[in-house]
Amino acid sequence: MNPQLAPLSETRGYIGGGNIAGILGLSPFKTPLDEYLTITGDEAEISDAQREFFDDRRDLEPWAAKKFTRRTGLAIVRTNERYDDAEFPWAKAEIDFEPEGDCNGETKTVHPNAVSAWGDPDAGDEPPLYVTAQAMWGLGVTDRQLCYVQALIGFDDQRIYRVERDDELIAEIRRQAHDFWRFHVIPRRPPPPTNVDDLLRLYPRSTGRDVEADTDIRDTLEALCAERQAAREAQRHRERFA
């Protein structure tokens, strides 16, 4: 068997909520190539430092759950449940926590240096676009209407965002994910590089050519989210002067 077409791993061979922002080119941490290598199993094993980070984050989950319940009054009924999509067998979503009321919940630990990207939820702001994309992916897979995003900035700053289902945005995200699966994962064709690290992994020797990332996907999603935010602000304005 051609090793490039070897079966995908059952534990990594799918698109989940943690992959979607990178696939869409929205993640500040992962590129589409990063996610491709993770999904196909071609990525190197995680380092000890990365493993320690994930272990620390898992150890914080009970504390984060208690903070959420104290703040909202909502009990958490399930944690870390993985759901299969009703339409696409390769689409899954692991939900960090599920409050009562049939909602999704995602917890994000935010470095103080990155706090400027996180607006004020009490003023109607939503979380960063890459987090909103993950929330929408989970709502699409679970067919739910609301996702709480809990941002923990250190131990003292807790911000809780309500991300309500947007069917148009979900449809666009799922379309892009489907294209990624069909045109990259199935034929084992890596997506184009978007930064120097990608280039070095794909082309160990310099080709002498510059590579520019395609921004069409990002522009489409940013436009949809801008329309969504404008609609929310208009609604708040109407309610204020009604």
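Residues numbered from 1 in each chain as written. Predicted model: local features only at pLDDT ≥ 70, side-chain atom pairs only at ≥ 80, totals over all residues. Heavy atoms only, no water.

(A) Main features of the overall build of the protein chain. Within the protein chain, the regular secondary structure consists of seven helices and five strands. Secondary structure elements of the protein chain, listed N to C terminal, follow the sequence α-α-α-β-β-β-α-β-β-α-α-α. Counting only contacts in the protein chain whose residues sit at least 6 apart along the sequence, the fraction spanning at least 24 positions is 66%. Within the structure as shown, the protein chain displays about 14000 Å² of accessible surface, and the carbon and sulfur contribution to it stands at 50%. (Helix = DSSP H or I, 4+ residues; strand = E, 2+ residues; numbered from the N terminus. Contact = heavy atoms within 4.5 Å. Areas by Shrake-Rupley, 256 points an atom, 1.4 Å probe, with all protein chains shown as cover.)

(B) Summary view of unusual backbone geometry. At N80, a residue that is not glycine, the phi angle is positive and equals roughly 55°. Locating N80 in the fold gives a position in strand β1 (residues 76-84). Taking the relative accessible area as the measure of exposure, N80 reaches 31% and is therefore partly exposed. Positive phi, normally seen in glycine, also occurs at R188, with a value near 55°. Secondary-structure assignment places R188 in the loop between α5 (167-185) and α6 (196-202). (Buried < 20%, exposed > 50% of the residue type's maximum accessible area, 1.4 Å probe, protein only.)

(C) Highlighting the side chain of K108. The residue K108 is located in strand β3 (residues 104-110) in this model. For the buried K108, no salt bridge exists, and the shortest N-O distance to an oppositely charged side chain is 4.8 Å, to E106. Apart from residues lying up to four places away in sequence, K108 is in contact with R57, W118, V131, Q134, V149, Q150, A151 and L152. (Lys, Arg positive; Asp, Glu negative; His and termini not counted. Salt bridge = Lys/Arg side-chain N within 4 Å of Asp/Glu carboxyl O.)

(D) The arrangement of the state of the cysteines in detail. Here the structure, examined in full by the defined rule, presents zero disulfides. For C103, which is in no disulfide, the shortest distance to another cysteine sulfur is to C147 and amounts to 8.7 Å. (Disulfide = S-S within 2.5 Å.)

(E) Geometry of the nonpolar core. Of all hydrophobic cores here, the largest spans 38 residues; its most connected members are I15, W90, W137, V149 and I173. Breaking this core down by element, the ones donating at least two residues are α1 (17-23), α2 (32-40), β2 (92-99), α4 (129-142), β4 (146-153), β5 (157-164) and α5. Among the nonpolar cores identified, the runner-up in size contains seven residues, and F68, F97, L146 and Y148 belong to it. (Core = buried A, V, L, I, M, F, W, Y, C linked by side-chain atoms within 4.5 Å.)

(F) Quick look at the pairing of β4. Within β4, eight of the eight residues are buried, which leaves it mostly tucked inside the rest of the structure. Burial along β4 is two-sided: the face carrying L146, Y148, Q150 and L152 and the face carrying C147, V149, A151 and I153 are both buried. Sheet topology note: the β3/β4 ladder contains seven bridges and is parallel. Bridging from a neighbouring strand, G105 pairs with Y148 of β4. Bridging between β4 and β5 involves eight bridges; their strand directions are antiparallel. Within β5, the residue paired with Y148 across the bridge is R162. Counted between consecutive antiparallel strands, the loop separating β4 from β5 contains three residues, among which G154 sits at a positive phi close to 70°. (Pairing = 2+ DSSP bridges.)

(G) Quick look at the packing of aromatic side chains. Following the criterion strictly, the structure yields seven aromatic pairs and no others. Seen in terms of ring centroids, W90 and W181 are 5.4 Å apart; in terms of plane orientation they differ by 15°. Their pairing is stacked. A residue pair is termed long-range when its members are at least 10 positions apart, and W90 in the loop between β1 and β2 and W181 in helix α5 qualify at 91 residues. Each member of the pair, W90 as well as W181, is classed as buried. Members of the aromatic cluster, connected to one another through ring pairs, are F68, F97 and Y148. One cation-aromatic arrangement involves K92 over Y14; the distance from NZ or CZ to the ring centre is 5.9 Å. (Phe/Tyr/Trp six-rings, centres within 6.5 Å; stacked < 30°, edge-to-face > 60°. Lys NZ or Arg CZ within 6 Å of the ring centre and 35° of its normal.)

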